[in-house]
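So the chains spell out like this:
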Amino acid sequence: MKKMWLIGLNTFKESIRKKTLYIILIFALIVIGASKLFSFLTAEEELKMIKDVSFSAIEFFGALIAIFGALYAISGEIERRTIYTLVTKPIRRSDIVIGKFFGVSMIIFVNFILATIFFLGLLIFKKSPPDVEVLKTLLLIFFELILIGSITLALGTFTSDAFNIICSFFLYIVGHLTSYGKELIERAENIIVKGLADMLYTLVPNYENFNIRDKIVVGLNVSWGYVGYTILYGILYMCIALFIALYFFEKREI
Amino acid sequence: MKRKKGYRYFLAIVFCFICIHLVQVQIDYRKKLENLESALVLMPGQMAGSLILGGFKGLAADLLWLQMETYWHSGQHYKILPLLQAISWLQPSYILVWTIGGWHMAYNIYAEVKTPEEKQFWYQQGIQFLKKGLAYPFNANKYDIYFELGWTYYHKGKDYPNAVKYLEKATKYPHPDYVDDVLAHAYEKNGQIDKAIKQWEYVRDNYVAFYDIAVRMINDLKTKGKATP
Amino acid sequence: MAIIETKQLTKHYILGKKKIVVGLEKVDLEVEQGEIFGILGPNGSGKTTCLKLLLGILFPTSGEARIMGKFPDDIEMKQHVGFLPENPYYYDYLTGPELLQFYASLFSLDAGTTKKRIEQLLELVELKDAKRLTLRHYSKGMLERIGLAASLINDPEILILDEPTTGLDPIGCRDTRNLLLKLKQQGKTILLSSHFLSEVERVCDRIAIFHRGYLLATGTLDGLNRQYQAENLEDLFVKTICTFDNQASVKTGETT
């Protein structure tokens, strides 16, 4: 357990030393820029725009950090051969994988928290303290980011860096389109096609589940039930990603 | 050397996917309940947008196209227009957008609106949309849009000189047989009886399916100077 | 009983349909406690493959490898093994002491021992002045030396070194050699691979010559020289390899 933590900590340290956190500055600039840009609007309109931009930016930059952080965590170590020095130490391969997962989660968490503090600060500054719906949105974005990270981590145990990036971004896009696919599935008449499509719908990570910001921003509410189920979904999928990572990493020849 | 506990992970993964399926069913149910999914259906642009960013223009156009189909079958013709504009912008080489778009305006919306001024307006819109499609070189080398233009002029606008002009262009490129047939009719309506007879002879000699009608038309034209009712 | 042993250790790399590259073919190797054992061979002869199989970085196609009687996936065994990979790459965002600290923590060393040992090792590899430099700014020789320090952090009983002197200048080579001899005096077992013949000649008690994945000869240098009627190691090396290649070509000549 302690060793997992050490691996995680080292992964986190790497991201700090490599200055990935600077991306938060870009985030801050975008959000501040947006709030200046929209200042000619009425307060209510402006607030909507700020929320729109902030949620999207938190998710987008978070996804970038998650993908690249996770990429460096395992496939990066394999590619740079630093992994030799880990697997020859008295530490189980499974501990390395889980430690890396902790590390990536930490990276995502710190980035997310910084961005969130900045965003909430801006809301308070604009005299509109965040309500519980905003927090729900942020919570779901956070779980989405962790899921993105763990999927990239899992892919990294059996693919090359380049393929991993392509795959991760592809899944990110496709994962946001699944709801639309669902509609098509319901229209399908062929039972086999429908069955296959249904299976695919389950297999592909459904990132769109986590996307409630469009509703929240225009002032609608989402129940805790929905949020709860979606978080459960996220955790389950994370477990799958971890199992895949463990399976491949334990038999991987480096 | 034991390193064959892989099946355990496999079982765990399968188990998790079963759980995920159940959870997803709940989520989908709740999406319906809380009106979370409707946004997606009403705003295809949201997804189309993310696809454009990803460089998947064609796919985005397809999504809009599917959306258009829905509107089409539910009779919401007006809603189709912005979609057509967007698709034609995303994928100008998708020739069906232009032909179907022109047809929607000059025929379907034409039929829906009440006053003659409005009807004239939509007819012109349709013609202009088709001409815009021709502005792209890859469309100017195919018969489709020329034929659609010619047909619209001929059938809807009764503008025979223009009909002949575009149908003649359509026959210059590989085309199906009915294009020649329509051109023959257009010649006649445009008063070019000689050319009409020649065109019918061409049709008679080349297309078996049109043989009977071509023979009758040539006969009528030669005897009465008029064939199309 | 040998402290490191392999039995019929074989590694085949499968490349596409029916195309197999032999990494290592039925190698029986025994390294006794307290000796310096050198694995010699030209590039691509299976030296690194053999070490990787011993450490569980690769998995054997057949046969087995044991260190202290334990299989390579044994955690307890790795507590007593130090490894220096070939052309070592380390976490280049860490400084030397941080790197050692990290590895020490993986060996669960207590804080006091860790601190003392880091000081000693930095002294030993003469990197005391570079304490605050991140590894990104290290030269190749410095990397090789910090690697050596890292492989000694747990005060291992068995030291496995893959090409330990590749990036070093003559003085560095000499220092490393002296260090190895000193470690031997402390009773450590050292298994090293190299294609630098002179280095091997001076430190190794016994050697093994690898070629194309086959183990051609093992024994003391003198014994092998006598056996092959060679004058020195270089001569021996060339002779064994040539003999093997000739035999191999005769064999393939017969079959085709």
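Rules and cut-offs
- Residues numbered from 1 in each chain as written.
- Chains lettered and ligands numbered in written order.
- Predicted model: local features only at pLDDT ≥ 70, side-chain atom pairs only at ≥ 80, totals over all residues.
- Heavy atoms only, no water.
- Helix = DSSP H or I, 4+ residues; strand = E, 2+ residues; numbered from the N terminus.
- Rg over C-alpha atoms; globule rule 2.2 N^0.38 Å.
- Contact = heavy atoms within 4.5 Å.
- Areas by Shrake-Rupley, 256 points an atom, 1.4 Å probe, with all protein chains shown as cover.
- Lys, Arg positive; Asp, Glu negative; His and termini not counted.
- Charge placed at Lys NZ, Arg CZ, Asp CG, Glu CD.
- Expected span 1.5 Å × (residues − 1).
- Buried < 20%, exposed > 50% of the residue type's maximum accessible area, 1.4 Å probe, protein only.
- Phe/Tyr/Trp six-rings, centres within 6.5 Å; stacked < 30°, edge-to-face > 60°.
- Lys NZ or Arg CZ within 6 Å of the ring centre and 35° of its normal.
- pLDDT = per-residue confidence, 0-100.
- Pairing = 2+ DSSP bridges.
- Domains from an automatic or database assignment.

A.B. asks: Outline the overall build of chain A, listing residues and values.
C.D. replies: From N to C terminus, chain A includes eleven helices and zero strands. Counted from the first residue to the last, chain A has its helices and strands arranged as α-α-α-α-α-α-α-α-α-α-α. By the compact-globule yardstick of 18 Å for 254 residues, chain A fits well, its C-alpha radius of gyration being 20 Å. A sequence separation of at least 24 residues applies to 83% of the contacts in chain A between residues at least 6 apart. Carbon and sulfur atoms make up 73% of the accessible area of chain A, which amounts to about 10600 Å² in all. Here chain A carries 25 positive and 21 negative side-chain charges, and the mean point of each set is 11 Å from the other.

A.B. asks: Which residues make up unusual backbone geometry, and what values go with them?
C.D. replies: Residue and element names in this part refer to chain C. At E126, a position not held by glycine, the phi torsion is positive, near 55 degrees. Along the chain, E126 turns up in the loop between α4 (111-124) and α5 (140-151). The phi torsion at D155 lies on the positive side, around 50 degrees, for a residue other than glycine. By secondary structure assignment, the location of D155 is in the loop between α5 and β6 (158-162).

A.B. asks: A description of helix α9 (residues 143-157) of chain B should follow, citing residues and the corresponding values.
C.D. replies: Residue and element names in this part refer to chain B. In this model, α9 (15 residues) spans 20 Å end to end at C-alpha, consistent with the 21 Å of a helix rising 1.5 Å per residue. Along α9, the positions that sit buried rather than exposed are Y143, I145, Y146, F147, E148, L149, G150, T152, Y153 and Y154. Elements in contact with the buried residues of α9: α6 (95-112), α7 (116-134), α8 (137-140), α10 (160-172) and α11 (177-189). Looking one or two residues beyond α9, the residue adopting positive phi is K158, at roughly 50 degrees.

A.B. asks: Give me the packing of aromatic side chains: which residues, what numbers.
C.D. replies: On inspection of all chains with the given rule, the structure shows 31 aromatic pairs over all chains. Each ring, one from W98 of chain B and one from F129 of chain B, has its centre 4.9 Å from the other, and the planes form 40 degrees; the classification is tilted. Placement of W98 of chain B in helix α6 and of F129 of chain B in helix α7 is noted, with a sequence separation of 31 residues between them. What makes F129 of chain B buried here is its relative accessible area of 4%. Aromatic side chains Y207 of chain B and F210 of chain B sit 6.4 Å apart centroid to centroid with 70 degrees between the ring planes, which places their arrangement in the edge-to-face category. Pair check on accessibility: Y207 of chain B and F210 of chain B agree, each one buried. Above the face of the W224 of chain A ring, K136 of chain A is positioned so that its terminal group lies 4.8 Å from the ring centre.

A.B. asks: So what's going on with the environment of A135 of chain B? Which residues, and what values?
C.D. replies: On the secondary structure map, A135 of chain B appears in the loop between α7 and α8. The sequence separation of A135 of chain B and P92 of chain B amounts to 43 residues, and the corresponding C-alpha distance is 9.8 Å.

A.B. asks: Account for the confidence of the model for chain B, naming residues and giving values.
C.D. replies: Residues and elements named next belong to chain B. Looking at chain B as a whole, the pLDDT averages 81, with 85% of positions reaching at least 70. Across residues 38-43, confidence stays below pLDDT 50; counting only partners more than four residues off in sequence or on other chains, it has nine contacts. The ipTM for the predicted assembly is 0.85, set against a pTM of 0.74.

A.B. asks: Before we move on, could you go through the side chain of E163 of chain C and cite the residues and values that matter?
C.D. replies: Within the secondary structure, E163 of chain C sits in the loop between β6 and α6 (170-185). With sequence-adjacent residues up to four places away left out, E163 of chain C is seen in contact with K47, E86, E144, S193, S194 and H195 of chain C.

A.B. asks: Can you tell me about the pairing of strand β5 (residues 81-84) of chain C, naming the residues and giving the values?
C.D. replies: All names here are of chain C. The side-chain alternation of β5 yields two buried faces, one formed by V81 and F83 and the other by G82 and L84. Where β5 lies against β6, four bridges are found, and the strand directions are parallel. The residue bridging F83 from the neighbouring strand is I160, located in β6.

A.B. asks: Can you explain the domain arrangement of chain B? Please cite residues and give values.
C.D. replies: In terms of domains, chain B is made up of domain 1 (1-37) and domain 2 (51-223). Between the C-alpha centres of domain 1 of chain B and domain 2 of chain B the distance comes to 51 Å.

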